[in-house]
Amino acid sequence: MCQLLPEIARYIDTSNQLLKHRKFEMLNQTKTPIIETLKNLTKKSHAPFYAPGHKQGKGIPQPLTELLGKKVFPADLPELPELDNLFAPDSVIQEAQELAAETFGALHTKFLVNGSTTGIIAGILATCGNGEKIILPRNIHQSVISGLILSGAMPIFIHPEYDSHWDIPLSITPKSIAKTLAKHPDTKAVMIVYPTYHGVCGDIRAIAQEVHKYNIPLLVDEAHGAHFAFHPELPTPALVGGADLTVQSTHKTLGAMTQASMLHIGSDHIDLYRLEQALQILQSSSPSYLLLASLDAARQQMALFGEELMSQTLELAKNARNRINQLSNYSVFELEERGKKKEEKNLTCLSGNSDLLENDLLENEFKEEIGESEVIFSTPNSQLPIYNSSSLDNEVKEGMGELGEIFSKFELEGRGKKKEEKNLTCLSGDSDLLENEVKERIRESGEIFSTPNTQFPTPNSPIENEVKERIRESGEIFSTPNTQFPTPNSPIENYFNPGFIALDQTRLTIKVSNMGLSGYEADEILHQELAVTCELPSFQNLTFIISLGNTKTDINQLVTGLVSLSDRGEVNLPTNHRTKFNFQVTDCSIPVSPRDAFFADQDCLPIEKSVGYISAELLCPYPPGIPVLIPGEIITEKHLQILEQVRTLGGIITGCSDPNLRTIKISKF
């Protein structure tokens, strides 16, 4: 019950704010004020001496008329008195935005005609000034970097959790947010990606609670989650989870036209006047009423039929998942792989002297304490079950076996009490004490336990106080919910990863690398030869968006295309296509703000000689638009390796001053 109190308080607070800002009566969601006004104006006969120059379609070039027909152009109108003003709305736009706010559960909603990029940048400008700090995951969209350059804000980057098997970044965690805020209490805002491009959702409720302890806003890039509010089987919408400002690409997963998005405000943590100023700077002074009308229509569609449409969409997604799971050579990305006992694979025992704990990746002082202490960690239970124990159920044994035999296969008898027992430390493969490179080595390591004895100290064993405190600060050295290993007679506890607590089931990610194909190569074959086009090709995977516009025929065509691709057999590719490569950048530090790096004097260097210099360029594989290198970062060998691998596998890199990537611009300081 105590755990529910903060959430209940948040709900009551949000409800009170809604009552302050809203009328008590429900709005008429059948209305489409912008569309209705456009209809009336297109029927009005008059002499138009205003822009646009095509005068309601009379001057449209013939090829465009042949492509789109004539009917659309009479509605391509400017800010006529009847059509309101996007930057000072008081009639039809204001009414349409109020209808949208009610539909999506916001205090206020702003229509965006320059895409979600506009909303992301405006959110940063409204909350952060020059030199002020904003906490961000490193897998942010390139639009965020534009916001940093324009605002002058200084990013404090956090590594998201990372699934190395799938090469997919997950979410940042509440713990990582809490630690970073403790180090940077003067932070002005926190921004997260929710959901990620692959549909991964972190623990937004817990993150919001941590952020609000500092009385600062939580900004959410919810570009791929506009549909979440319309079905209980979809993840929690960002506003319900506690977001103060969220930006949704209404065109990505709902029925609006490309470039049409919405910005929703969820609390009074956002300065509305400052936000409106930012939007006026960023948006066109001649907004397209066709885009505004599409937002009006998409809102009405979801308000009236949202749950029905999402039910149909989820059924299509389930059908696709079930059928693809039956195919050989393919794997489908699922939450279950991270939510059940299989995830015990991330529990790893290391000694304080283990080579996996490199000095530059774990504080020397802490490592030395690990090595010196008599016992490092106390659990409520004094020993681990052995793999062959008769006390373990067959199902548990099978699960353990599938995970590479997490529990020791050796008997306890005869192991002896060696001095090496003193060095036992338990860390999870996802522990914040470990950098990504070490995590990867842990997962690949054959030796799960690094000492010949599997017995752990009892709760009353003496532990140096300082080391005890360090263990507590590290935050759940064991990543199981009760911080202990199971006893021989207990079931394996479910694993909970706060970087991945929900998955958008309408987002379908399929691993194709088992066939020896990169995602880029598979995408080219599917698109060019098999009439199936994905949303996002990556190194190992293809990601598909299943939305309200898809049909059973589309799903059939997808499955047929994958079968045809698989029937070709394993493609004879060079060895480097199958080599596992970690595309996570290990260093999140940034010595110079993106703004300073962008506006500094610049020089051009051969890319192989650029290591150690500060980048002036934003180099970004697109899609998904997650930067590899941003202005202000120090160029490393790792960056160059990633960029070369992207090019080798057929990816597109945007932002290069040299399209051949032989040279790169650096900032001179």
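Residues numbered from 1 in each chain as written. Predicted model: local features only at pLDDT ≥ 70, side-chain atom pairs only at ≥ 80, totals over all residues. Heavy atoms only, no water.

Trainee: So what exactly am I meant to see when it comes to the overall build of the chain here?
Mentor: In terms of helices and strands, the chain carries 21 helices and 22 strands. Each of the 669 residues in the chain was classed as buried or not, and the buried ones make up 54%. Considering only intrachain contacts with a sequence separation of at least 6, the fraction spanning at least 24 residues in the chain is 75%. Carbon together with sulfur atoms contributes 50% to the accessible area of the chain, which is approximately 29,900 Å² in total. (Helix = DSSP H or I, 4+ residues; strand = E, 2+ residues; numbered from the N terminus. Buried < 20%, exposed > 50% of the residue type's maximum accessible area, 1.4 Å probe, protein only. Contact = heavy atoms within 4.5 Å. Areas by Shrake-Rupley, 256 points an atom, 1.4 Å probe, with all protein chains shown as cover.)

Trainee: Hey, could you run me through the packing of helix 5 (residues 116-127) against helix 6 (residues 142-151) in this one?
Mentor: Pairs of packed helices are described in terms of their axes, by the angle between the two and the distance that separates them. Two numbers describe how helix 5 lies on helix 6: the axes approach to 8 Å, and their chain directions differ by 40°. By the criterion of interaxial angle, the relationship of helix 5 to helix 6 is oblique. The handedness of the crossing between helix 5 and helix 6 comes out as right-handed. Along the contact surface, helix 5 presents Thr117, Ile120, Ile121, Ile124 and Leu125, while helix 6 presents Ser143, Val144, Ser146, Gly147, Leu148, Leu150 and Ser151. Class assignment of the residues belonging to the contact of helix 5 with helix 6 gives a composition of seven nonpolar, five polar and no charged. (Axes fitted to C-alpha atoms, helices over the stretch in contact; angles between N-to-C directions. Parallel < 35°, antiparallel > 145°, perpendicular 65-115°, else oblique. Left-handed = near helix turned anticlockwise from the far one by under 90°. Nonpolar A, V, L, I, M, F, W, Y, C, P; charged D, E, K, R; others polar.)

Trainee: Looking at this model, I keep getting lost on the packing of helix 2 (residues 33-42) against helix 4 (residues 92-104). Mind explaining?
Mentor: Taken N-terminus to C-terminus, the directions of helix 2 and helix 4 make an angle of 150°; their axes are 8 Å apart at the nearest point. On helix 4, the residues that touch Pro33, Ile34 and Thr37 of helix 2 are Val92, Ile93, Glu95, Ala96 and Leu99.

Trainee: How should I be thinking about helix 12 (residues 289-325) in this particular structure?
Mentor: Because an α-helix packs 3.6 residues into every turn, residues spaced three or four apart end up facing the same way. The terminal C-alpha atoms of helix 12 lie 44 Å apart, and with 37 residues this falls more than 12% below the ideal 54 Å at 1.5 Å per residue. Along helix 12, the largest kink reaches about 85° and is centred on Phe305. The N-terminus of helix 12 is capped by Ser288, whose side-chain oxygen sits 3.3 Å from the backbone nitrogen of Leu290. (Expected span 1.5 Å × (residues − 1). Bend = angle between axes of the 7 residues up to and from the residue. Polar contact = N/O pair within 3.5 Å; in protein donor to acceptor, adjacent residues only side chain to side chain.)

Trainee: What am I meant to see in the confidence of the model for the chain here?
Mentor: Atomic detail in the predicted coordinates should be set aside for any region of low pLDDT. Residues with a pLDDT of 70 or more make up 69% of the chain, whose mean pLDDT is 77. This model gives residues 395-435 a pLDDT under 50, and the stretch forms 126 contacts once residues within four places in sequence are excluded. (pLDDT = per-residue confidence, 0-100.)

Trainee: What is the right way to read the nonpolar core from this model?
Mentor: For soluble globular proteins, the rule of thumb is that nonpolar side chains tend to be buried together. Ranked by size, the top nonpolar core spans 52 residues in total, and within it Ile34, Phe111, Ile177, Val190, Ile192 and Leu218 carry the most contacts. Listing elements by their share of this core, those giving two or more residues are helix 2, helix 4, strand 3 (154-158), helix 7 (174-183), strand 6 (189-193), helix 8 (204-212), strand 8 (218-221) and helix 12. Per-element tally for this core: the top contributor is helix 12, with 10 residues. When neighbours within four sequence positions are excluded, Ile34 is seen to be in contact with Val92, Ile93, Ala96, Phe111, Tyr289, Leu292, Ala293 and Asp296. Ile140, Val144, Val247 and Leu279 belong to the second largest nonpolar core, which has 32 residues in total. (Core = buried A, V, L, I, M, F, W, Y, C linked by side-chain atoms within 4.5 Å.)

Trainee: Would you mind showing me how to read the environment of Pro185 here?
Mentor: Looking at where Pro185 falls in the secondary structure, it is placed in the loop between helix 7 and strand 6. It is 9.5 Å that separates the C-alpha atoms of Pro185 and Lys133, two residues lying 52 residues apart in sequence.

Trainee: I would appreciate a short explanation of the packing of aromatic side chains in the present structure.
Mentor: In this description, an aromatic ring pair is defined by two values, namely the gap between the centres and the angle between the planes. Under the defined criterion, the tally for this structure stands at six aromatic pairs. Centre to centre, the rings of Tyr520 and Phe539 are 5.6 Å apart; their planes meet at 90°, and the pair counts as edge-to-face. Of the two residues, Tyr520 sits in helix 18 (residues 519-529) while Phe539 sits in the loop between strand 16 (536-537) and strand 17 (541-545), which places them 19 residues apart along the sequence. Residue placement shows Arg138 over the ring face of Phe157; its charged tip is 5.5 Å from the ring centre. (Phe/Tyr/Trp six-rings, centres within 6.5 Å; stacked < 30°, edge-to-face > 60°. Lys NZ or Arg CZ within 6 Å of the ring centre and 35° of its normal.)

Trainee: I'm lost on helix 6 in this one. Help?
Mentor: Of all 10 residues making up helix 6, seven are buried, and the element is well covered by its neighbours. Considered for burial, the residues of helix 6 that qualify are Ser143, Val144, Ile145, Gly147, Leu148, Ile149 and Ser151. Of the surrounding secondary structure, the elements contacted by the buried residues of helix 6 are helix 5, strand 2 (133-137), strand 3, strand 6 and helix 20 (594-599). Looking one or two residues past helix 6, Gly152 carries a phi angle of roughly 80°, positive in sign.

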